[in-house]
Amino acid sequence: MMIDYAWLIPVFPIIGFLIISLVPKKWLIWEGGAPYIIGMSTASFVLSILVIIDVLNGHTLTGPDSPRMTWLSAGSFELTFGIWIDQLTAVMLLVVSLVGTLVVIYSVGYMHGEGETKRRYYAEIALFIGVMFGLVLADNFVEMFIFWELVGLCSYLLIGFWKHKPSAASAAKRAFIVTRVGDIMLLSGLIILLRYVGTLDFSELFAEGSLEGSGMSSGMATLSMILLFGGAIGKSAQFPLHEWLPDAMEGPTTVSALIHAATMVKAGVYLVARSYPMLVQTPDALAFIAIIGGITALIAATNALVAVDIKRVLAYSTISQLGYMMLALGAGGLIITGLMHDGGHDGLGAGYSSGIFHMMNHAFFKALLFLAAGSVIHAVGTNDMLKMGGLGKTMKITSITMLIGSLSIAGIPPFSGFWSKDEVLASTFHAFEDAGSYSTVFLILWIMGVATAFMTAFYMFRMWFMTFTGKQRSDAHAHESPVSMTVPLMILASLAAVSGFAFFIGRGFFSFMSDSISSTIGSSVAVEAIHPLESLGEIFTSPLTYASLIVSAVGLFTAYSIYYKGAFSVSRLASGVTGKLQKLLAERYYISWFYDAFAYNIIYGISLVADIFDRYVIDGAINGMAWLSSKSGAFIRRSQTGQVQNYVAAIVIGGCLLLLFLIVFEWGEW
Amino acid sequence: MLEGAQSFAQDLLSGLPVLSIMIFLPLIGAILVFLAGRSMSIIRVISLIFSGIPLIFAVLLIFAFSWGAIPDGEAFADPQFYEEYEWIPSLGVSFAVGIDGISLPLLFITPLLTFVSILFSWDVDRRPREYFGLILLMQVGVTGVFVLLDYLVFYIFWEIVLIPMYFLIGIWGGPNKDYASIKFFIYTHVASLVMLLAIMAIYFNAGATTFNMMELGDAASGFTRGFQIIAFGALLFGFGVKMPMVPFHTWLPDAHVEAPTAGSVLLAGLLLKMGGYGLIRVAIPTLPEGASYLAPLMAVIGIVSILYAAVVCLAQKDLKKMVAYSSVSHMGFVMVGFATLSYVGIVAGVFVMFAHGLVTAVLFMTCGVVQHHCGTRMIPKLGGISEKMPKLATYMTAGFLASLGLPGLVMFAAEFMTFWAIFNNWGLWLLVPILSVAITAGYYLWALQRSMFGPLTDKIETENIHDANWYESAPMAILIALIALFGILPAIMIDRIGDAVTIILRAIGGG
């Protein structure tokens, strides 16, 4: 079966990376070695599809008997490498391999003018894709953490790809350090787990009651899970560590597409989804995840309202959508926990599945939006939407594909985003009904989610109208992008349009996904999804659906009337309270400013003080001692009188003192 | 296949006094270099050969080393490749050498770092005979320290190391070399004397007739608690200065700033390890009660060193001084690992020493290349240098990433194990030292951003800057390959370290 060869999936791109890094320049054939990377990522894609087919047929690779090798063993712990494939892995493989391959193909056109540095670009992209595969295939948390960090490394290298640009070098550093703050939490959480459970293998950690059974107090278990989620806060750009992502736009747009759609930020969502069997043992941690997700979704959406950089709008929208995913995962988990105590219930996997579903759909429409934005930037040479406009005429393919992406993210049926976002909000609402002590919190979170839906529709169409309609505001001679760029756009647009139908094709996406937790959460909880067609009926009879649909439509219409019809001039809001609000949003709530000030004034300040302390106090004491001994040497020299009787006296007195000391302290006895 | 390699290597080495050869071959080399006359190329080739042959032996030793079965007995039971020759029978002094898992990794990096330092110093033309001769002499001393099993001879070799380093800094150093070299000498010499006093106290208190470490180690079980605490305190000071630990670290940045690159590589890569090695070879197994009494102090010193030095790194403007302080921070991990007095912690501490030796050598070499080619190492004067020196920028990035503990490179496994051991012993105190993970990333990446990336600087003449030469690139490339190898397969070393640690723990009655 192909699933046994799944370990080759990450190996292909990594071989591509090694080829490009190590072979002589003349062997690179064409475009800095792009053919190797296209070939390798296509190989991974094909193999991924074969593995996914295996998974669809009910084969998985989850358990202690899956192939593994020891990486490191020292006394009481052993760290291994192995492969873990279940339904969640399958979805991730699909997303990473498909988006990764399309991005590489698209790069041929996009990076055409880059010259010598293309080689480095393709090498780093290949490594990026390879280590992301490694991350999703890992069968234990150490292996996952290793690839997790390598994913961070690759995004550091690629965000800072144009290293002569000061802003790029700075953004790359910021991305790495901020995510590393999250990684500290993740690492701490893992160490706690390793200490108590004695292993970081999924197969043991995911057993029922694994945390309590290890002798952990419930407080320690919750702490370890919150720390684990801390890694996702950094990686998936959740509040309050979300500010690195908008800055990460400094890399090539292809890199942004990869980071936002398939690799980097999806790793955090994957981590949370992967940890589900443990998370359901700690309801407080789940509530924490949902709350952070809800706050992130709302805050990022408000920031997107005023952004004028096309990539920043998309970046904020990513943060916001990631917040949705976390919200759904947290809410879904809480529902499961609640029902674990109260007996069985249908549709238990709904929150979990809707989070993953949204992640998959988001991967397609966000990759599409970024690549389309890249196509626009490629054509007009700027990111500034104020300088765009009227591009719809010259860039038909780009504008239509981007429209599909925007409709999808805005949640307009039948595009993919509608289905998953509706389920995300529905799960949140169910958590309000079911989650016991947290129910009020979830009502607020649901309202925040609906508000976010409104804003999403508004800012996406604000972007679309500003870019493609109206008068052309720059004199750049825009033209449609080459085929290698438009073909990936069209493929992604079709996916963004139809991937939502996975919801009710066959036995339905939710039923499929639920398998991945029902096998690990334990038989006591029946995680069964509702029949897809039945749930389809439920969607369109539920008032909740219409609520979210209406707010999206209103958002879209508002953007239409302001930015297309010009019914209302935004410049009228530039003063007074609304002006202040606008400034607050444009300044990103001063969060970024705060971090900079904190890092520069507090941390760097402390380090300067420490440096001075080191030089003048510690070293000063040493130099002072040296000075003292040379001075005292000069002083003691005077005692060397040369008169024998003085010396004899000194010897006698000294001898007596020594004797006294030995008598009093009985040296050697104590 | 591995067993085949092991028996093959054992066959090759059988009957040879491997360790004595490894100690004295560089001495012959040093003498030949002094006699070699004025030809630069002859001097270099002799130096490379006489540091290279021990390197080949060291690689063979890694293969030939037996591990996995713990021999019965007390500390230092069955050191491998053991040799013993009587020297001063009346005092019970003999020349005894042997290795276990703790010596092995350090014994491997000793000829390795010497070899690459000599290669890196290919163009040193100022008094080359003395320069290369002293480097070889230092190899003699350091190799001896890591394999000798007799306290008195150990001390002699310990002191031998100081002299070449003193001259390397004092003759080939920077503008402030006199101050730095004397400070280095006095500071570490005072530490050595305190260590000697403690060793003497152990010798006399044991009523021993031998200086053999193994036999003294056996006798040590009769020591009183009070004596153990005092003697351990003295050894802790002696070795702590050497490592160096805050607050006795200030000789290190001064010495590094002035030392020539090869001197820095050997100083940070090997000489600092002598402190950590002494702690785990001499102090902890011989004075176990003292160790467990003072373990909290060691932990505090270690954690303070980790964080304090990392914070000071952030303020440095001189690349090399920053790297020097980062050594203090990393050696703090060694101290904390040992302070746990647990299997994982001690294995981790030894592995950190090994990893740091490889990584810090690359870092000092990159600083040396920058100094050499740009005429300055001051970060504010640099900027955008990667445009002129892409190869150097790659090596520096790789070195920095390795040093900040990126998985896949050698330091990660070491730090991970240390953190685990800290949590295992002291619970959530882990959250304090683990902060260094972010601070370390901060100072490295910030330095990289300011010196290598961004627009090309106009504060220095950049017209004639060219990339690293072959003899500068090759050593860094070799080391980075090893950093990746041991990062991907840390078990190669960690498995071999384990037995020795088990024996030490058995001696101190712990896990």
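Residues numbered from 1 in each chain as written. Chains lettered and ligands numbered in written order. Predicted model: local features only at pLDDT ≥ 70, side-chain atom pairs only at ≥ 80, totals over all residues. Heavy atoms only, no water.

**Describing the overall build of chain A**
Right, on to step 1. Of the regular secondary structure elements, chain A holds 26 helices and two strands.
Right, on to step 2. If you line up chain A on its principal axes, its C-alpha atoms span 110 × 65 × 60 Å.
Right, on to step 3. Taking all 670 residues of chain A together, 58% fall into the buried category.
Right, on to step 4. In chain A, the proportion of contacts linking residues at least 24 apart, taken out of those at least 6 apart, comes to 82%. (Helix = DSSP H or I, 4+ residues; strand = E, 2+ residues; numbered from the N terminus. Buried < 20%, exposed > 50% of the residue type's maximum accessible area, 1.4 Å probe, protein only. Contact = heavy atoms within 4.5 Å.)

**A short note on the overall build of chain B**
Right, on to step 1. Helix and strand counts for chain B come out as 19 helices and two strands.
Right, on to step 2. Compactness check: chain B gives a C-alpha radius of gyration of 22 Å against a globular reference of 24 Å for 511 residues, within 12% of the reference.
Right, on to step 3. C-alpha atoms of chain B, sized along the principal axes, occupy 70 × 60 × 50 Å.
Right, on to step 4. Relative to its full complement of 511 residues, chain B shows a buried share of 68%.
Right, on to step 5. Long-range pairs, those at least 24 residues apart, make up 81% of the contacts in chain B with a sequence separation of at least 6.
Right, on to step 6. Surface exposure of chain B reaches about 15500 Å², of which carbon and sulfur atoms provide 66%.
Right, on to step 7. Positive and negative charge centroids in chain B, built from 22 and 30 side chains respectively, lie 13 Å apart. (Rg over C-alpha atoms; globule rule 2.2 N^0.38 Å. Areas by Shrake-Rupley, 256 points an atom, 1.4 Å probe, with all protein chains shown as cover. Lys, Arg positive; Asp, Glu negative; His and termini not counted. Charge placed at Lys NZ, Arg CZ, Asp CG, Glu CD.)

**Observations regarding the pattern of salt bridges**
It is possible for side chains of opposite charge to pair when their charged atoms get near one another.
Right, on to step 1. With the rule as written, the count across this model stands at 15 salt bridges over all chains.
Right, on to step 2. Among the salt bridges present, the one from B:Lys183 reaches A:Asp619, with a minimum N-O distance of 2.5 Å. You can see B:Lys183 sitting in helix 7 (residues 177-205) and its partner A:Asp619 sitting in helix 25 (residues 591-636), one on each of two chains.
Right, on to step 3. Owing to a relative accessible area of 8%, A:Asp619 belongs among the buried residues under this scheme.
Right, on to step 4. Each of A:Arg174, A:Glu243, A:Asp247, A:Arg312, A:Arg588 and A:Asp596 takes part in salt bridges that share partners, so that together they form one network. (Salt bridge = Lys/Arg side-chain N within 4 Å of Asp/Glu carboxyl O.)

**A word on the domain arrangement of chain A**
Right, on to step 1. Per the domain assignment, the segments of chain A are domain 1 (323-443 + 457-571), domain 2 (587-638) and domain 3 (639-670).
Right, on to step 2. Taking the mean C-alpha position of each, domain 2 of chain A and domain 3 of chain A sit 42 Å from one another. (Domains from an automatic or database assignment.)

**What about the interface of chain B and chain A?**
Right, on to step 1. The interface of chain B with chain A comprises 58 residues on the first partner and 52 residues on the second.
Right, on to step 2. With both sides pooled, the region where chain B packs onto chain A buries about 4900 Å², and carbon together with sulfur makes up 74% of that total.
Right, on to step 3. Contact with chain A buries area across many residues of chain B, yet B:Phe416, B:Trp420 and B:Phe423 alone supply 14% of it, more than any other trio.
Right, on to step 4. In this assembly, chain B and chain A are joined by one salt bridge.
Right, on to step 5. For the pair chain B and chain A, the number of links is 13 residue pairs in polar contact (both at pLDDT 80 or more).
Right, on to step 6. Of all the secondary structure elements, the ones that give two or more residues to the side of chain B that touches chain A are helix 7, helix 9 (225-242), helix 12 (288-315), helix 14 (343-374), helix 16 (410-426), helix 17 (436-451), helix 18 (470-488) and helix 19 (491-507) of chain B. (Buried area = accessible area lost by both parts, 1.4 Å probe. Polar contact = N/O pair within 3.5 Å; in protein donor to acceptor, adjacent residues only side chain to side chain.)

**Quick notes on the packing of aromatic side chains**
Right, on to step 1. In the structure shown here, the tally under the stated rule is 59 aromatic pairs over all chains.
Right, on to step 2. Centroid distance A:Tyr121 to A:Tyr122: 5.1 Å. Interplanar angle 80°. Geometry classified as edge-to-face. Across this residue pair, the class does not change: A:Tyr121 and A:Tyr122 are buried.
Right, on to step 3. Here a set of aromatic residues connected by ring pairs shows up, and it is made of A:Phe461, A:Trp464, A:Phe465, A:Phe468, A:Phe557, A:Tyr560 and A:Tyr564.
Right, on to step 4. Across the ring face of A:Tyr196, the terminal group of A:Arg195 is positioned such that the distance to the ring centre comes to 5.3 Å.
Right, on to step 5. Here B:Arg450 stacks its cationic end above the ring of B:Trp446, 3.6 Å away from the centre of that ring. (Phe/Tyr/Trp six-rings, centres within 6.5 Å; stacked < 30°, edge-to-face > 60°. Lys NZ or Arg CZ within 6 Å of the ring centre and 35° of its normal.)

**Points about the packing of helix 13 (residues 319-339) of chain B against helix 14 of chain B**
Residue and element names in this part refer to chain B.
Right, on to step 1. Helix 14 packs onto helix 13 with a crossing angle of 175° between their chain directions and a minimal axis gap of 8 Å. Relative to helix 14, the element helix 13 lies roughly antiparallel. Counting all contacts with helix 13, which are made through Leu319, Lys320, Val323, Ala324, Ser327, His330, Met331, Phe333, Val334, Gly337 and Phe338, the residues of helix 14 involved are Gly345, Ile346, Gly349, Val350, Val352, Met353, His356, Thr360, Leu363, Phe364, Cys367 and Val370. (Axes fitted to C-alpha atoms, helices over the stretch in contact; angles between N-to-C directions. Parallel < 35°, antiparallel > 145°, perpendicular 65-115°, else oblique.)

**Some details on the nonpolar core**
Right, on to step 1. Core analysis: the largest hydrophobic core is formed by 447 residues, its most contacted members being A:Leu135, A:Phe141, B:Phe108, B:Leu271, B:Ile284, B:Leu319 and B:Phe338.
Right, on to step 2. A total of 21 residues in this core trace back to one element, the largest contributor, which is helix 14 of chain B.
Right, on to step 3. When residues of this core are assigned to domains, at least three fall in each of domain 1 (323-443 + 457-571) and domain 2 (587-638) of chain A.
Right, on to step 4. Other than its neighbours up to four places away in sequence, B:Ile284 contacts B:Phe232, B:Leu279, B:Ala291, B:Met298, B:Phe338, B:Leu341, B:Ile504 and B:Ile508. (Core = buried A, V, L, I, M, F, W, Y, C linked by side-chain atoms within 4.5 Å.)

**Some points on a nonpolar patch on the surface**
All names here are of chain A.
Right, on to step 1. On the surface, Leu581, Leu584, Tyr590, Trp593, Phe594, Phe598, Ile602, Ile603 and Ile606 cluster together into a nonpolar patch covering about 850 Å² of accessible area.
Right, on to step 2. Contributions of two or more residues to the nonpolar patch are made by helix 24 (576-586) and helix 25.
Right, on to step 3. Sort the elements by how many residues they give to the nonpolar patch and helix 25 lands first, with six residues.
Right, on to step 4. Looking at where Phe594 falls in the secondary structure, it is placed in helix 25.
Right, on to step 5. Classification of Phe594 by relative accessible area gives partly exposed; the value is 46%. (Patch = residues over 30% accessible without salt bridge, like charges linked within 9 Å, V, L, I, M, F, W, Y side chains within 5 Å.)

**Notes on the confidence of the model for chain B**
Right, on to step 1. The predicted model of chain B averages 89 in pLDDT, with 97% of residues at 70 or higher.
Right, on to step 2. Under the prediction, the complex receives an ipTM of 0.87, its pTM being 0.89. (pLDDT = per-residue confidence, 0-100.)

**Describing helix 4 (residues 103-120) of chain B**
Right, on to step 1. Between its first and last C-alpha atoms helix 4 of chain B spans 26 Å; for 18 residues at 1.5 Å apiece the expected length is 26 Å, and the two agree.
Right, on to step 2. Extensive coverage of helix 4 of chain B is indicated by the burial of 17 of its 18 residues. (Expected span 1.5 Å × (residues − 1).)

**Things to note about unusual backbone geometry**
Right, on to step 1. A cis amide bond links A:Phe239 to the next residue, A:Pro240, at an omega of 5°.
Right, on to step 2. By the element assignment, A:Pro240 lies in the loop between helix 9 (218-235) and helix 10 (244-247).
Right, on to step 3. B:Met243 connects to B:Pro244 through a cis peptide bond whose omega is -15°.
Right, on to step 4. Structurally, B:Pro244 is set in the loop between helix 9 and helix 10 (251-258).

**Some points on the side chain of A:His362**
Right, on to step 1. Looking at where A:His362 falls in the secondary structure, it is placed in helix 16 (residues 350-380).
Right, on to step 2. Ignoring sequence-local partners within four residues, the contact set of A:His362 consists of A:His260, A:Lys266, A:Thr318, A:Gln321, A:Met325 and A:Ala367.

**What about the environment of A:Ile310?**
Residue and element names in this part refer to chain A.
Right, on to step 1. With respect to the helices and strands, Ile310 occurs in helix 15 (residues 310-342).
Right, on to step 2. Residue classification places Ile310 among the buried positions, given a relative accessible area of 0%.
Right, on to step 3. Apart from residues no more than four positions distant in its own chain, Ile310 is found in contact with Ala373, Ile377, Asn383, Met385, Met388, Met402, Met463 and Thr467.

**What about a negative patch on the surface?**
Right, on to step 1. Taken together, the side chains of B:Glu84, B:Glu86, B:Glu215 and B:Asp218 present a region of like negative charge at the surface.
Right, on to step 2. Given a relative accessible area of 43%, B:Glu84 falls into the partly exposed group.

**A look at the environment of B:Ser66**
Residues and elements named next belong to chain B.
Right, on to step 1. Secondary-structure assignment places Ser66 in the loop between helix 3 (40-64) and strand 1 (80-88).
Right, on to step 2. Residue Ser66 is classed as partly exposed on the basis of its relative accessible area, which comes to 32%.
Right, on to step 3. Ser66 sits 13 residues away from Pro79 along the chain, and the two C-alpha atoms are 10 Å apart.
Right, on to step 4. For Ser66, the contacting residues outside a window of four places in its chain are Gln6, Gln10, Gln80 and Asp499.

**Side note on the confidence of the model for chain A**
Right, on to step 1. Here chain A averages 83 in pLDDT, and 93% of its residues register 70 or above.
Right, on to step 2. Between residues 523-527 of chain A, whose pLDDT stays under 50, and residues either more than four places distant or in other chains, the model counts twelve contacts.

**Quick notes on the packing of helix 10 of chain B against helix 11 (residues 261-286) of chain B**
Residue and element names in this part refer to chain B.
Right, on to step 1. The contact between helix 10 and helix 11 brings their axes to 9 Å, and the two run at 145°. Along the contact surface, helix 10 presents Trp251, Leu252, Ala255 and His256, while helix 11 presents Ser264, Leu267, Ala268 and Leu272.
Right, on to step 2. Here the contact of helix 10 with helix 11 is built from residues that sort into six nonpolar, two polar and no charged. (Nonpolar A, V, L, I, M, F, W, Y, C, P; charged D, E, K, R; others polar.)

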